[in-house]
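Listed below are the residues making up each chain.
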Amino acid sequence: AEDILLALLRNSLWGPPFRGALAEVSQDIWESVYSLARFHAVQGVVFDAVRELPAGMGPDLNLCARWALDSRGIAGNNAHIKAITERLAEAWNDLGIDAVHLKGVRLAAMYPVPEHRVCGDIDWYFRTDEDRYLANGWAERQGLNPTLDSDGTTHYVYDGVVIEHHHLPFDPTD
């Protein structure tokens, strides 16, 4: 199952559709591939390769349907996260805050099917403590109850998504 997962992942990200010998793979093994993909949060990316398999080489229709629903859910979640990221970027801009969003949906843009990369929280990095304090104050004024973690990160939930404010320990423009 691990070898199949890695082959499908590699082909989804970098290669032509997988044409390996999968005709003899049992449905139990396919269930394991699916479970591993979910565990590693790559089920959408792997499903993109599964969809390209010739007829009869992939999992049964029931598993394909579950996998397709997962991929659709990931895409919907990513659209929601992207919208929140844009709203926050606008808020930071309006406040004159210098913030950088380095991960998440921005990183997903590098994938062949960006909407199938699992994204979770939104990480904002601030070059100065003042900007981070301004952003934390904004969250407080919105009633979002920002919480300061022991590492100096602040987190809160905005429209169902965890937002984290980090101090950027380096200047990415260097």
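In case you missed it, the structure is sitting above this.
Residues numbered from 1 in each chain as written. Predicted model: local features only at pLDDT ≥ 70, side-chain atom pairs only at ≥ 80, totals over all residues. Heavy atoms only, no water.

1. Considering the environment of Gly120
Right, on to step 1. Tracing the chain through its elements places Gly120 in the loop between helix H5 (105–108) and strand E2 (122–126).
Right, on to step 2. Expressed as a C-alpha distance, the spacing of Gly120 and Met57, which sit 63 residues apart in the sequence, is 32 Å.
Right, on to step 3. The contacts of Gly120, once residues within four sequence positions are left out, are Ile81 and Val161. (Helix = DSSP H or I, 4+ residues; strand = E, 2+ residues; numbered from the N terminus. Contact = heavy atoms within 4.5 Å.)

2. Topic: the side chain of Gln43
Right, on to step 1. Inspection of the secondary structure assignment puts Gln43 in helix H3 (residues 43–50).
Right, on to step 2. What makes Gln43 buried here is its relative accessible area of 9%.
Right, on to step 3. Filtering out sequence-adjacent residues up to four positions away, Gln43 remains in contact with Ala37, Arg38, Trp67, Asp70, Ser71, Ile74 and Val118. (Buried < 20%, exposed > 50% of the residue type's maximum accessible area, 1.4 Å probe, protein only.)

3. Regarding the pairing of strand E5 (residues 161–167)
Right, on to step 1. Where burial is concerned, most of E5 is hidden: five out of the seven residues are buried.
Right, on to step 2. Where E2 and E5 come together, five bridges link them in parallel fashion. When the sheet's bridge partners are listed, Tyr125 is paired in E5 with His166.
Right, on to step 3. Sheet analysis places strand E4 (residues 154–158) next to E5, joined by five bridges and oriented antiparallel. Within E5, the residue paired with His155 across the bridge is Glu164.
Right, on to step 4. Between the end of E4 and the start of E5, which pair antiparallel, lie two residues, with Asp159 showing a positive phi angle near 50°. (Pairing = 2+ DSSP bridges.)

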